[in-house]
Amino acid sequence: MVKDSHPLTRLFSQLRDHRVTIILASFCSVMNKFWDLAPPVLIGIAVDVVALREESFLGDMGWSDPRDQFLILVALTVVIWVLESLFEYFYAVLWRNLAQTAQHELRMSAYKHIQDLEMRWFSEQTTGGLMAIMNDDVNQLERFLDQGATDLLQVATTVIVVGGIMFYIAPEVAILAIIPVPIIVIGSFMFQRRIGERYTRVREEVADLNSLLNNNLSGITTIKSFTAEEREIERVRAASETYRKANQSAIRLSASFVPLIRMAILFAFTANMLVGGWMALDGRLSIGAYSVIVFITQRLLWPLTRLGQTFDLYQRAMASTARVLDLLDTDIGIVEGDVSIERVSGDIEFLDLGFSYQGREPVYKGLSLKINSGETLGIVGSTGAGKTTLMSLLMRLHDPQSGSVKLDGIDVRDLTLECLRGSIALVSQNTTLFPGSVRDNILYGKPNATEEEVLNSANIAEAMEFIRTLPDGWETEVGEDGHRLSGGQRQRLAIARAVLKDAPILVLDEATSNVDNETEAALQRSIEKLSKNRTTIIIAHRLSTVRNADRIAVLDSGGITEMGSHDELIQLSGLYSRLWAVQTGVA
Ligand code: M5T
Ligand code: MG
């Protein structure tokens, strides 16, 4: 679907599987309105019976006794009310269910699509903004389908049916009553266009506010530690105030709408009363017909005053639709290949890499590095040198601008993401634990693991001891992002999770930075055992962590500057040996 076609068209094409429901629901909405407009006609006929008796309209149809005529009217009334109620029930059920289904489907496809988008895209978004799309915008659409669509259809039905009846009874009067309608409709549209801009601002402000709240709640420790509560209250106040102002400016405009419409309808109503009344006095219009006209003009008023709200709903729904569908249309930058390796042996090669984050200096200037299958490689380098980024390129969280990354000799761009990412177990520098128990979090690495496997990986990660001391042991809730655990405990759960994944490549990015020396030494021994038959990459600032690696690579100024075993690098008297001296206090 092209982005610049009308959101309504795009919405329909999104809902194409529900075509039949939409048609049925529309039919029921129209029929409900149609029968809803019948009572004024019944009133007219009743007046006609009382005034003209045998000569009445029904009398002309063959029922000469006025008492019979009323019986017929009662029968008609019952039928009409039953029909109206039935159609009301059906349109409500159909539209509302459609609204729920559409909401669910859109939210799911938005979420699925977001999950597939690459990291580069995420770095340009705010969580608050994305939440606003998946909640507010999707809900807005639900509200429109729930009520707005029926309203629009019923306004159109009202104008057509009322207009038709009037033209049938008294064309002169009908013209007067209908003249304001197009003016009102066009006016409403223009009005809503202007208010649409204000609503866009409202929405942007609420996204900003959400972002801020979200960030503050997750960063509450930082706020407290800097005793920044007052400052943060001010920031939230400012954002909330801007939001309120944006809303107020929208309210000012939208509140004037209904009174204006009412004035326009006043014209139609008084004209009808007057011109119709004169015609009735002159005997050119029957009393029955005059009653119909007066009552039915009333029927025009109500839906037209609602037109403002309806356009409002429509406008917001279209803005939301555009945002949701734009999101769905965002191209996924990382396109996966279709090669899948049967058994990954774990040979990794970075070849002449060039990569920079958007708008930033290049991280690498032609970096090349080969890691052999089964080898344990340590990577060290100053902070910001690009160690973590190298792992992101390996996992294709980003793609390099030049050069290539190969796994078992195959360019990672040719592999399926399942194969590539499935063969790497990563303990990242910023581990996320999910709300749930300790056990759930470890199981995240392999949901169908046996109890024995879980215990084994917790053992390797040196996590058994502290899990045992937790109040509910394995069932202890870790809280959002594991905030009820210590930094080192979180890290060990993350290691256990990665160990459980049992992938041919293990990447530990500052994975033991938060544990004490003794625990780290224990961890090292178990990781050493674990790394026997897999490629292991250990990134660390603490050099003792990588000391026993087969080879250590020093990453500096966009390339690998030193490479070798610990002893060889010490011999080299380069950056590594200087760092070692600093860290061991020899210098
Ligand atoms: C390498 C920059 C960062 C640094 C360089 C994640 C990220 C990083 N950078 C961006 O411009 N945008 C981003 O989204 O890239 O960063 P790194 O690879 O994370 O460095 P490191 O892992 O070697 O550092 P550290 O501190 O973890 O030891 O210039 O600003
Ligand atoms: Mg890093």
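Residues numbered from 1 in each chain as written. Chains lettered and ligands numbered in written order. Predicted model: local features only at pLDDT ≥ 70, side-chain atom pairs only at ≥ 80, totals over all residues. Heavy atoms only, no water.

Peer 1: Which parts of the structure should I look at to understand the coordination of the magnesium ion (ligand 2)?
Peer 2: Working reference: metal with six octahedral donors, ideal angles 90 or 180 degrees; metal with four tetrahedral donors, ideal angle 109.5 degrees. Of the protein atoms, only Thr 388 (OG1) and Gln 429 (OE1) coordinate the magnesium ion (ligand 2), at distances of 1.9 to 2.2 Å. Of the two residues, Thr 388 is situated in helix α14 (residues 387–394) and Gln 429 in the loop between β6 (424–427) and α16 (438–443); the sequence distance between them amounts to 41 residues. Here Thr 388 falls in the partly exposed class, since its relative accessible area comes to 33%. (Donors = N, O, S within 2.8 Å, 3.2 Å for Na, K, Ca; no water. Helix = DSSP H or I, 4+ residues; strand = E, 2+ residues; numbered from the N terminus. Buried < 20%, exposed > 50% of the residue type's maximum accessible area, 1.4 Å probe, protein only.)

Peer 1: In this structure, what is going on with the domain arrangement of the protein chain? I would like to understand it.
Peer 2: Many analyses report the size of an interface as the accessible area lost when the parts associate. Here the protein chain is partitioned into domain 1 (7–328) and domain 2 (435–502). Each of domain 1 and domain 2 was reduced to a C-alpha centroid, and the two centroids are 53 Å apart. (Domains from an automatic or database assignment.)

Peer 1: How do you make sense of the site of ligand 1 when you look at a structure like this?
Peer 2: Inspection of the region around ligand 1 gives Tyr 357, Arg 360, Val 363, Thr 383, Gly 384, Ala 385, Gly 386, Lys 387, Thr 388, Thr 389, Gln 429 and His 541 as its neighbouring residues. Here the shell around ligand 1 is built from residues that sort into three nonpolar, seven polar and two charged. (Near = heavy atom within 4 Å. Nonpolar A, V, L, I, M, F, W, Y, C, P; charged D, E, K, R; others polar.)

Peer 1: I keep staring at the packing of helix α3 (residues 38–52) against helix α5 (residues 66–116) and nothing clicks. Help me out?
Peer 2: Any two packed helices are characterised by the angle at which their axes cross and by the distance between the axes. Relative orientation of the contacting elements α3 and α5 amounts to 175°, with a least axis distance of 10 Å. Taken together, the axes of α3 and α5 are roughly antiparallel relative to one another. Contact with α3, carried on its side by Ala 38, Pro 39, Leu 42, Ile 45, Ala 46, Val 49 and Val 50, involves Pro 66, Gln 69, Phe 70, Leu 73, Leu 76, Thr 77, Ile 80 and Trp 81 of α5 and no other residues of that element. Per-class residue counts for the contact of α3 with α5 are 13 nonpolar, two polar and no charged. (Axes fitted to C-alpha atoms, helices over the stretch in contact; angles between N-to-C directions. Parallel < 35°, antiparallel > 145°, perpendicular 65-115°, else oblique. Contact = heavy atoms within 4.5 Å.)

Peer 1: What should I look at first to understand the environment of Pro 40 in this one?
Peer 2: Its place among the elements puts Pro 40 in helix α3. Those residues in contact with Pro 40 that sit more than four places away from it in its chain are Val 292, Phe 295, Ile 296 and Arg 299.

Peer 1: Even after reading the chapter, I still don't get α3, so can you show me in this structure?
Peer 2: Because an α-helix completes one turn every 3.6 residues, residues spaced three or four positions apart along the sequence face the same direction. If you check α3, its first and last C-alpha atoms are 21 Å apart, about what 15 residues at 1.5 Å a residue would give, namely 21 Å. Along α3, the positions that sit buried rather than exposed are Ala 38, Pro 39, Pro 40, Leu 42, Gly 44, Ile 45, Asp 48 and Val 49. Two residues or fewer after α3 comes Arg 53, characterised by a positive phi angle close to 45°. (Expected span 1.5 Å × (residues − 1).)

Peer 1: Can you help me understand the sheet that holds β6 in this one?
Peer 2: Neighbouring strands of a sheet are bound in pairs by backbone hydrogen bonds; such pairs are parallel or else antiparallel. Taken in spatial order, the six strands line up as β6-β7-β8-β3-β9-β10 in an open sheet, and their pairing is mixed. Because the sheet does not close on itself, it has two edges, and the strands there are β6 and β10 (559–564). Geometrically, the sheet is characterised by an average inter-axis angle of 20° between neighbouring strands, direction not taken into account. Where strand β7 (residues 505–509) meets strand β8 (residues 535–539), five bridges bridge the pair, whose relative direction is parallel. Each bridged residue has a counterpart across the sheet, and for Ile 505 the counterpart in β8 is Thr 535. Most of the contacts of helix α19 (residues 487–501) go to β6, to which it runs at about 175°, and overall it touches β6 and β7. (Pairing = 2+ DSSP bridges.)

Peer 1: Explain the pairing of strand β3 (residues 376–380) here, please?
Peer 2: In regular strands, side chains alternate between the two faces of the sheet. Along β3, five of the five residues are buried, which leaves the element largely enclosed by surrounding structure. Covered by surrounding structure in β3 are Thr 376, Gly 378 and Val 380 together with Leu 377 and Ile 379, the residues of both alternating faces. By the bridge criterion, four bridges tie β3 to β8 in an arrangement that is parallel. In the sheet register, Leu 377 faces β8, and the bridge partner there is Ile 537. Inspection of the sheet shows β3 paired to strand β9 (residues 551–556) by four bridges, in the parallel sense. Of the residues in β9, the one forming a bridge with Leu 377 is Arg 551.

Peer 1: Please explain a negative patch on the surface as it appears in this structure.
Peer 2: On the surface, Glu 54, Glu 55, Asp 60, Asp 65 and Asp 68 cluster together to form a negatively charged patch. Of note, Glu 55 is situated in the loop between α3 and α4 (57–60). Overall, Glu 55 belongs to the exposed group, its relative accessible area being 59%. (Patch = residues over 30% accessible without salt bridge, like charges linked within 9 Å, V, L, I, M, F, W, Y side chains within 5 Å. Areas by Shrake-Rupley, 256 points an atom, 1.4 Å probe, with all protein chains shown as cover. Salt bridge = Lys/Arg side-chain N within 4 Å of Asp/Glu carboxyl O. Lys, Arg positive; Asp, Glu negative; His and termini not counted. Charge placed at Lys NZ, Arg CZ, Asp CG, Glu CD.)

Peer 1: Would you take a moment to explain the nonpolar core for this structure?
Peer 2: Across soluble globular proteins, nonpolar side chains show a tendency to be buried alongside one another. Membership of the largest hydrophobic core comes to 45 residues, with the highest contact counts inside it found for Val 438, Ile 442, Ile 467, Trp 474, Leu 493 and Tyr 576. Apart from the residues lying within four places of it in its own chain, the contact partners of Ile 467 are Val 438, Ile 442, Ala 458, Gly 473, Trp 474 and Leu 493. In this structure, Tyr 91, Trp 121, Ile 133 and Val 324 belong to the second largest nonpolar core, which totals 33 residues. (Core = buried A, V, L, I, M, F, W, Y, C linked by side-chain atoms within 4.5 Å.)

Peer 1: Teacher, can you tell me more about unusual backbone geometry here?
Peer 2: Phi is mostly negative for residues that are not glycine, and the peptide bonds are mostly trans. Unusually for a residue other than glycine, Arg 396 sits at a positive phi of about 60°. Note that Arg 396 resides in the loop between α14 and β4 (402–407). Judged by its relative accessible area of 2%, Arg 396 is buried. Backbone geometry at Glu 510 places phi at a positive 50°, although glycine is not the residue there. Locating Glu 510 in the fold gives a position in the loop between β7 and α20 (517–530).

Peer 1: Is there a simple way to explain α20 in this structure?
Peer 2: For α20, spanning 14 residues, the distance from its first C-alpha to its last is 19 Å, which sits close to the expected 20 Å at 1.5 Å a residue. Regarding α20, the residues found buried are Thr 519, Glu 520, Ala 522, Leu 523, Gln 524, Ser 526, Ile 527 and Leu 530. At its buried positions, α20 is contacted by α17 (451–460), α19, β7 and α21 (543–546). N-cap assignment for α20: the residue whose side-chain oxygen lies 3.0 Å from the backbone N of Glu 518 is Asp 516. (Polar contact = N/O pair within 3.5 Å; in protein donor to acceptor, adjacent residues only side chain to side chain.)

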